[in-house]
Amino acid sequence: MINIGEERLVNNNTSMKILMCGNENVFRGVLLTVLSVIEYTDRPIELYIGTMDLTDVDERYRPITEDMTELLRSVIKEKNPISEVHLIDFGESFGRELIHSKNLTSSYTPYAMIRLFADELYPSVGDKLLYFDTDVMARGNIEELYDTDLGDYHLAGVRDYFGKIFFGPRYLNSGVFLFNMKAMVDDGVFKKCRVLCNDKKMLLFDQHALNKYAKRKLILNRRYNEQRKTSDKTLIRHFAMTIRWLPYFRTENIKPWDRELVRGKLKDYSYEEIYKKYDRIKEAADEKATM
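Residues numbered from 1 in each chain as written. Predicted model: local features only at pLDDT ≥ 70, side-chain atom pairs only at ≥ 80, totals over all residues. Heavy atoms only, no water.

J.: Would you take a moment to explain the packing of helix H7 (residues 189-199) against helix H8 (residues 205-213) for this structure?
T.: At a minimum axis separation of 9 Å, H7 and H8 run at an interaxial angle of 135 degrees. Here H7 is positioned oblique relative to H8, judged by the angle of their axes. When you trace H7 past H8, the crossing you get is right-handed. Between H7, through Val189, Lys192, Cys193, Leu196 and Cys197, and H8, the contact on the second element is made entirely by Phe205, Asp206, Ala209, Leu210, Lys212 and Tyr213. Its residues assigned to classes, the contact of H7 with H8 shows eight nonpolar, no polar and three charged. (Axes fitted to C-alpha atoms, helices over the stretch in contact; angles between N-to-C directions. Helix = DSSP H or I, 4+ residues; strand = E, 2+ residues; numbered from the N terminus. Parallel < 35°, antiparallel > 145°, perpendicular 65-115°, else oblique. Left-handed = near helix turned anticlockwise from the far one by under 90°. Contact = heavy atoms within 4.5 Å. Nonpolar A, V, L, I, M, F, W, Y, C, P; charged D, E, K, R; others polar.)

Structure below.
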């Protein structure tokens, strides 16, 4: 695992830089997301996996491992040998700034705040970094999103389906963000977000913070972060928790690895080939582990 400050990060100007964060419990989501991305592009990818050991806080908060990273590396390099995966340990940084955060315990894990340390990857990652939650699936070539001209915007994203009603039309969902790293770092946006998340208890803490301090937002079409219902135009499906009003009020939180619910409840059969590839990879990995 690479600690912040080690000079092993690669800045390939032709590659797409993607950041995902989490612990070992969401690794299946990471793998599904990666498989969906490389299904539609031959372009090299620099994948940064942010993780940390927080078992002192909760025994379930175990980091993504080197073995998991090596599995991801073999998968993306099979598609393009130039691609690379970097496992980044943000534990020291988190312990220094957010271990006493008022949002450490909530309905979301502390790993949601790892992306707020993305400035520590700059300038190694270059001026553009695409962030994905671990419950998103690509349905087409994400190059058109990644190549968006950010100009002087801090970031580009899609309106939050419900947040835009309660917090205004410029309130964005943080499941998919394209960061202008130079603008974000120059204006101290990530640092300001960390301070706010440390000091103030919030429902959607990291999302609220990014919406508050990233003043210059490029609002994208919902096809780049569809949070509600897949359509033929959807490029990226985000399986976010949502509200269903009929036939009765309820919340719905179906994730891409909940295959039978994706098929049965959502009537979405877009990912069958991805599921097959996932099963082959997992079977091979399990077989190797027992040898």
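J.: For this particular structure, what's the right way to read the state of the cysteines?
T.: Simply put, the disulfide is a covalent bond whose two ends are the sulfur atoms of two cysteines. One pass over the full model with this rule turns up zero disulfides. Unpaired in this structure, cysteine 21 has its nearest cysteine sulfur neighbour in cysteine 197, at a distance of 13 Å. Given a relative accessible area of 9%, cysteine 21 falls into the buried group. Left without a disulfide partner, cysteine 193 is nearest to the cysteine sulfur of cysteine 197, which lies 6.6 Å away. (Disulfide = S-S within 2.5 Å. Buried < 20%, exposed > 50% of the residue type's maximum accessible area, 1.4 Å probe, protein only.)

J.: I would appreciate a short explanation of the pattern of salt bridges in the present structure.
T.: Pairs may arise between side chains of opposite charge once their charged atoms sit close together. A complete count under the given rule lists 26 salt bridges for this structure. One salt bridge connects arginine 73 with glutamate 84, and the closest N-O pair in it is separated by 2.5 Å. On the criterion of sequence distance, the pair formed by arginine 73 in helix H2 (residues 66-79) and glutamate 84 in strand E4 (residues 84-89) is long-range, its members being 11 residues apart. For the pair arginine 73 and glutamate 84, one class covers both residues: buried. Several salt bridges share partner residues, and in doing so they unite Arg96, Glu97, Asp119, Glu120, Lys191 and Arg194 into one network. (Salt bridge = Lys/Arg side-chain N within 4 Å of Asp/Glu carboxyl O.)

J.: Could you clarify how one ought to interpret the packing of helix H1 (residues 27-38) against helix H10 (residues 272-289) in this entry?
T.: Packed helices, taken two at a time, are described by the angle between their axes plus the distance between the axes. Running from N to C, H1 and H10 cross one another at 125 degrees; their axes reach a closest spacing of 10 Å. Considering the angle they form, H1 stands oblique to H10. Between H1 and H10 lies a crossing whose hand is right-handed. Facing Arg28, Leu31, Leu32, Leu35 and Ser36 of H1, the residues of H10 in contact are Ile274, Tyr275, Lys277, Tyr278 and Ile281. Considered class by class, the residues forming the contact of H1 with H10 number seven nonpolar, one polar and two charged.

J.: Would you explain the packing of aromatic side chains in this entry?
T.: Ring pairs (aromatic) are described by centroid distance and by the angle formed between their planes. Taken as a whole and judged by the stated rule, the model has eight aromatic pairs. Look at tyrosine 61 and tyrosine 111: their rings are 5.6 Å apart centre to centre, the planes differ by 80 degrees, and that puts the pair in the edge-to-face class. Within this pair, whereas tyrosine 61 is found in the loop between strand E3 (45-51) and H2, its partner tyrosine 111 is found in the loop between helix H3 (91-97) and strand E5 (128-132), the two being separated by 50 residues in sequence. On the basis of relative accessibility, which here comes to 11%, the residue tyrosine 61 falls in the buried class. Given a relative accessible area of 3%, tyrosine 111 falls into the buried group. For the ring pair phenylalanine 179 and phenylalanine 190, a centre distance of 5.2 Å and an interplane angle of 75 degrees mean the geometry is edge-to-face. You can see phenylalanine 179 sitting in strand E8 (residues 172-180) and its partner phenylalanine 190 sitting in helix H7, a full 11 residues away along the chain. A relative accessible area of 1% means that phenylalanine 190 is categorised as buried. Aromatic rings pair up to connect Phe90, Phe94 and Phe117 into one cluster. (Phe/Tyr/Trp six-rings, centres within 6.5 Å; stacked < 30°, edge-to-face > 60°.)

J.: Where do I start with H10 in this structure?
T.: Every α-helical turn comprises 3.6 residues, leaving residues that sit three or four positions apart pointing alike. With 18 residues, H10 extends 26 Å between its outermost C-alpha atoms, agreeing within 8% with the 26 Å of an ideal straight helix rising 1.5 Å per residue. Where H10 is concerned, the buried positions are Ile274, Tyr275, Tyr278 and Ile281. Down the axis of H10, the sector holding all buried residues measures 130 degrees, keeping them to one side. Structural note: H10 exposes Arg280, Glu283 and Glu287 on the side pointing more than 90 degrees away from its buried face. Where H10 is buried, its residues meet H1, H2, strand E6 (136-138) and helix H9 (259-264). (Expected span 1.5 Å × (residues − 1). Arc of directions from axis to C-beta.)

Honestly, that's just the spatial picture; any functional story needs more than this.
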